[in-house]
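In case you want the letters, here they are:
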Amino acid sequence: MSLTTAIVHIDVEADLIPEAAEAIVNIDGVTEVYSITGDWDLIAMVRTSDHEKLAEIIPGGISKVDGVIRTETQLAFRAYSRHDLEAAFSLGLD
């Protein structure tokens, strides 16, 4: 089973960032939420095996959280992770 990964940039009213982050991380399919610097306030990682479920999670969930002003979503094609590579090369070693 392959997962679809979406990276969601989220603009939030400044005084509601912590509450919005807590609400977003509790949405089914959201695996992590990070507060960030720059033009956006939060980034959420969304992972689901059902591509159509993204519509429920992002516009139907994240965008409706109190304080969320707007979102922008990118879909990941392929994951590259040093952590994953190190784990693969260390299989069977103590």
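Structure: see above.
Analysis parameters
- The numbers attached to residues start from 1 for each chain and follow its sequence in the written order.
- Selection of residues for local features in this predicted model requires a pLDDT of at least 70, selection of side-chain atom pairs for listing and counting requires 80 or more, and totals for whole chains, interfaces and linings are taken over all residues.
- Excluding hydrogens and water, the side-chain figures rest on all heavy atoms present in the structure.
- The salt bridge criterion pairs a side-chain nitrogen of Lys or Arg with a carboxyl oxygen of Asp or Glu, the two atoms within 4 Å.
- Numbering of helices and strands runs from the N terminus; a helix is a DSSP stretch of H or I covering at least four residues, while a strand is a stretch of E covering at least two.
- Buried means the residue's accessible area, taken with a 1.4 Å probe over protein chains only, is under 20% of the maximum for its type, while exposed means over 50%, and partly exposed covers the values in between.
- Strands are treated as partners if at least two bridges between them are detected by DSSP.
- Side-chain rings of Phe, Tyr and Trp (the six-membered ring for Trp) are treated as a pair once their centres are within 6.5 Å; stacked means planes under 30 degrees apart, edge-to-face means over 60, and tilted covers the remaining angles.
- Note on criteria: charge over ring means Lys NZ or Arg CZ within 6 Å of the ring centre, with the direction from the centre no more than 35 degrees off the ring normal.
- Definition of a polar contact: a pair of N or O atoms within 3.5 Å, with one able to donate and the other able to accept a hydrogen when the atoms are protein atoms, and with sequence-neighbouring residues admitted only if both atoms are side-chain atoms.

> Quick rundown of the pattern of salt bridges? Include the residues and the values.
Applying the stated rule across the entire model yields 3 salt bridges. Between Glu32 and Arg47 there is a salt bridge, with the nearest N and O atoms lying 2.7 Å from each other. In this pair, Glu32 sits in strand β2 (residues 30-35) while Arg47 sits in strand β3 (residues 42-48), placing the two residues 15 residues apart along the sequence. Residue class for Glu32 comes out partly exposed when judged on its relative accessible area of 24%. What makes Arg47 partly exposed here is its relative accessible area of 29%. Residue Glu56 is joined to Lys53 by a salt bridge in which the shortest nitrogen-to-oxygen separation is 3.5 Å. Pair noted here: Glu56 and Lys53 are both in helix α2 (residues 53-57), with a separation of 3 residues, about one helical turn. By relative accessible area, which is 53% here, Glu56 ends up exposed.

> So, the pairing of strand β1 (residues 4-12): which residues are in play, and what are the values?
Along β1, 8 of the 9 residues are buried, which leaves the element largely enclosed by surrounding structure. Pairing of β1 with strand β4 (residues 68-75) involves 7 bridges; the strand directions are antiparallel. Paired with Ile7 across the two strands is Gln74, which belongs to β4.

> Residues and numbers for the packing of aromatic side chains, please.
All chains considered together, the criterion is met by 0 aromatic pairs. The ring of Trp40 is capped by Arg70, whose NZ or CZ atom sits 4.1 Å from the centre of that ring.

> Just give me the short version of the environment of Arg78, but keep the residues and values in it.
Counting through the fold element by element, Arg78 comes out in the loop between β4 and α3 (82-89). Residue Arg78 is classed as exposed on the basis of its relative accessible area, which comes to 63%. Sequence separation of Arg78 and Thr4 is 74 residues, and the distance between their C-alpha atoms is 9.7 Å. At a separation of 3.3 Å, a polar atom in the side chain of Arg78 contacts the side chain of Tyr80.

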